[in-house]
Amino acid sequence: MKKRRTQLNLRGYQVFEAVARHKSVTAAADELGVTQSAASHQLRKLSQATGEKLIERRGRSISLTDAGRKLASSLESAFDLIEQSAASVVGGSRSMVRLGLYSSFAAGVKAPFKK
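Residues numbered from 1 in each chain as written. Predicted model: local features only at pLDDT ≥ 70, side-chain atom pairs only at ≥ 80, totals over all residues. Heavy atoms only, no water.

Colleague: What is the right way to look at the environment of Val15 in this model?
Modeller: Within the secondary structure layout, Val15 lies in helix α1 (residues 10-22). Residue classification places Val15 among the buried positions, given a relative accessible area of 1%. Taking the C-alpha atoms as reference points, Val15 and Ala29, separated by 14 residues in sequence, lie 7.4 Å from one another. Apart from the residues within four sequence positions on either side, Val15 is in contact with Ala28, Leu32, Ala39, Gln42 and Leu43. (Helix = DSSP H or I, 4+ residues; strand = E, 2+ residues; numbered from the N terminus. Buried < 20%, exposed > 50% of the residue type's maximum accessible area, 1.4 Å probe, protein only. Contact = heavy atoms within 4.5 Å.)

Structural data, given as structure tokens:
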């Protein structure tokens, strides 16, 4: 049977896992390089998709619900496994670094080029 993961919102899970670790939407957003608003949006979408309230906001503080704690624990293990698997494939050593630059900026940057 063919697996289908079209409904899996990985970004939402990634945001939630970071929020659970930091106990802060802002800190999680900073870590992931997204806006606080985008992180909050992902949390809302994930909560709707799971049908569970995952976090509770009390003023400026955040706490996890029972469902949120359970999901956070599972996600921590899952992301650890993904990181370990990726590291074993890459081997931890890379000899090449790729940069993405806007052409308007890149035109003024000169770096040594090796073949």
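Colleague: Teacher, can you tell me more about α1 here?
Modeller: Each turn of an α-helix holds 3.6 residues, which means side chains three or four residues apart point in the same direction. Compared with the 18 Å implied by 1.5 Å per residue over 13 residues, the 18 Å span of α1 between its first and last C-alpha is a close match. Within the span of α1, buried status applies to Gly12, Tyr13, Val15, Phe16, Glu17, Ala18, Val19 and Ala20. Phi turns positive one or two residues past the end of α1, at Lys23, with a value near 55°. (Expected span 1.5 Å × (residues − 1).)

Colleague: Even after reading the chapter, I still don't get the nonpolar core, so can you show me in this structure?
Modeller: Across soluble globular proteins, you tend to see nonpolar side chains buried next to one another. One finds Phe16, Val19, Leu43 and Leu71 to be the most contacted residues of the largest nonpolar core, which totals 20 residues. Of all the secondary-structure elements, those providing two or more residues to this core are α1, α2 (25-32), α3 (36-50), β2 (61-64) and α4 (66-90). By residue number, the principal contributor to this core is α1, which donates six residues. (Core = buried A, V, L, I, M, F, W, Y, C linked by side-chain atoms within 4.5 Å.)

Colleague: What exactly am I supposed to notice about unusual backbone geometry here?
Modeller: Among all residues save glycine, negative phi is the norm, and among peptide bonds the norm is trans. Its identity as a non-glycine residue notwithstanding, Lys23 has a phi of 55°, on the positive side. Examined against the element boundaries, Lys23 turns out to sit in the loop between α1 and α2.

Colleague: Could you clarify how one ought to interpret the side chain of Glu17 in this entry?
Modeller: By the element assignment, Glu17 lies in helix α1. Judged by relative accessible area, which is 11%, Glu17 ranks as buried. Beyond its immediate sequence surroundings of up to four residues, Glu17 is in contact with Leu75, Glu76 and Phe79.

Colleague: Hey, could you run me through the pattern of salt bridges in this one?
Modeller: Counted according to the given criterion, the structure contains four salt bridges. For Glu31, the salt bridge is made with Arg21, and the minimal N-O distance between the two is 2.7 Å. Pair noted here: Glu31 is in helix α2 and Arg21 is in helix α1, with a separation of ten residues, a long-range link. With a relative accessible area of 40%, Glu31 lands in the partly exposed category. Connected through shared salt-bridge partners, Glu17, Arg21 and Glu31 make up one network. (Salt bridge = Lys/Arg side-chain N within 4 Å of Asp/Glu carboxyl O.)

Colleague: What is the right way to read the pairing of β2 from this model?
Modeller: The side chains of a regular strand alternate between the sheet's two faces. Two strands pair when backbone bridges link them, and strand β1 (residues 55-58) and β2 are joined in this way by four bridges, in the antiparallel orientation. By the bridge assignment, Ile55 is partnered in β2 with Leu64. The hairpin formed by β1 and β2 contains two residues between the paired strands, and Gly59 there has a positive phi angle of roughly 65°. (Pairing = 2+ DSSP bridges.)

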